[in-house]
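Chain and residue survey
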Amino acid sequence: QVQLVESGGGLVQAGGSLRLSCAASGRTFSRYAMGWFRQTPGKEREFVAAISRSGDSTDYADSVKGRVTISRDNAKNTVFLQMDSLKPEDTAVYFCASTAAGYSGTFAYASAYNYWGQGTQVTVSS
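Residues numbered from 1 in each chain as written. Predicted model: local features only at pLDDT ≥ 70, side-chain atom pairs only at ≥ 80, totals over all residues. Heavy atoms only, no water.

All right, on to the environment of proline 88 then. Considering the arrangement of structural elements, one finds proline 88 in the loop between β8 (78-83) and β9 (92-98). Expressed as a C-alpha distance, the spacing of proline 88 and valine 122, which sit 34 residues apart in the sequence, is 9.7 Å. (Helix = DSSP H or I, 4+ residues; strand = E, 2+ residues; numbered from the N terminus.)

The next point concerns the packing of aromatic side chains. Tallied over the full model, the rule gives six aromatic pairs. With 6.1 Å between their ring centres and 65 degrees between their planes, tyrosine 113 and tryptophan 116 make a pair best called edge-to-face. A relative accessible area of 5% places tyrosine 113 in the buried class. Above the face of the phenylalanine 29 ring, arginine 72 is positioned so that its terminal group lies 4.4 Å from the ring centre. (Phe/Tyr/Trp six-rings, centres within 6.5 Å; stacked < 30°, edge-to-face > 60°. Buried < 20%, exposed > 50% of the residue type's maximum accessible area, 1.4 Å probe, protein only. Lys NZ or Arg CZ within 6 Å of the ring centre and 35° of its normal.)

Quick look at the pattern of salt bridges now. Here the structure, examined in full by the defined rule, presents five salt bridges. In this structure, the salt-bridge partner of lysine 65 is aspartate 62, at a minimum N-O distance of 3.4 Å. Among the residues examined, aspartate 62 registers a relative accessible area of 66% and is labelled exposed. Taken together, the shared-partner salt bridges in this structure form one network comprising Arg38, Glu46, Arg67 and Asp90. (Salt bridge = Lys/Arg side-chain N within 4 Å of Asp/Glu carboxyl O.)

Attention now goes to the pairing of β9. Buried residues dominate β9, accounting for six of its seven residues. Taken together, the six bridges between strand β4 (residues 34-39) and β9 define a ladder with antiparallel strand orientation. Its bridge partner being in β9, glutamine 39 is matched across the sheet by valine 93. Bridge analysis of β9 against strand β10 (residues 115-116) gives two bridges, and the strand direction is antiparallel. Note on β10: the bridge partner recorded for alanine 97 is tryptophan 116. (Pairing = 2+ DSSP bridges.)

Grouped together as the largest cluster of nonpolar side chains are 36 residues, with contacts concentrated most on Trp36, Leu81, Met83 and Tyr94. Those elements that place two or more of their residues in this core are β3 (18-25), β4, β5 (46-51), β7 (68-73), β8, β9 and β11 (120-125). Per-element tally for this core: the top contributor is β5, with five residues. Each residue touching methionine 83, except ones within four places of it in the same chain, is listed here: Gly16, Ser17, Leu18, Leu20, Arg67, Val68, Tyr94 and Val122. (Core = buried A, V, L, I, M, F, W, Y, C linked by side-chain atoms within 4.5 Å. Contact = heavy atoms within 4.5 Å.)

Listed below in structure tokens is the structure:
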């Protein structure tokens, strides 16, 4: 019912910027709270950022706060993750995720999300 496709990953030097996009299909996009997570080998999927259905509320992990901005364009069925001042420890596969329809607020835990994209690799060199 909901399909998510991430794009925008790549190789960037420390201190650089990257903008990830997640295109969604299915039912009305504005029904779904969205999130970004990341994962490296040997670690559990880590919360990065979340945004409510209308975009009125956002939440960020402490590790990225001040460097990352999550936003959404409901008319385009797209959620974005703008990343600035990137660090080598930001290197990971980044996933976007969608809750079920009708959930209010933001969610910082992976179990809240029903649908996941395929992931896009972000590599930050030092």
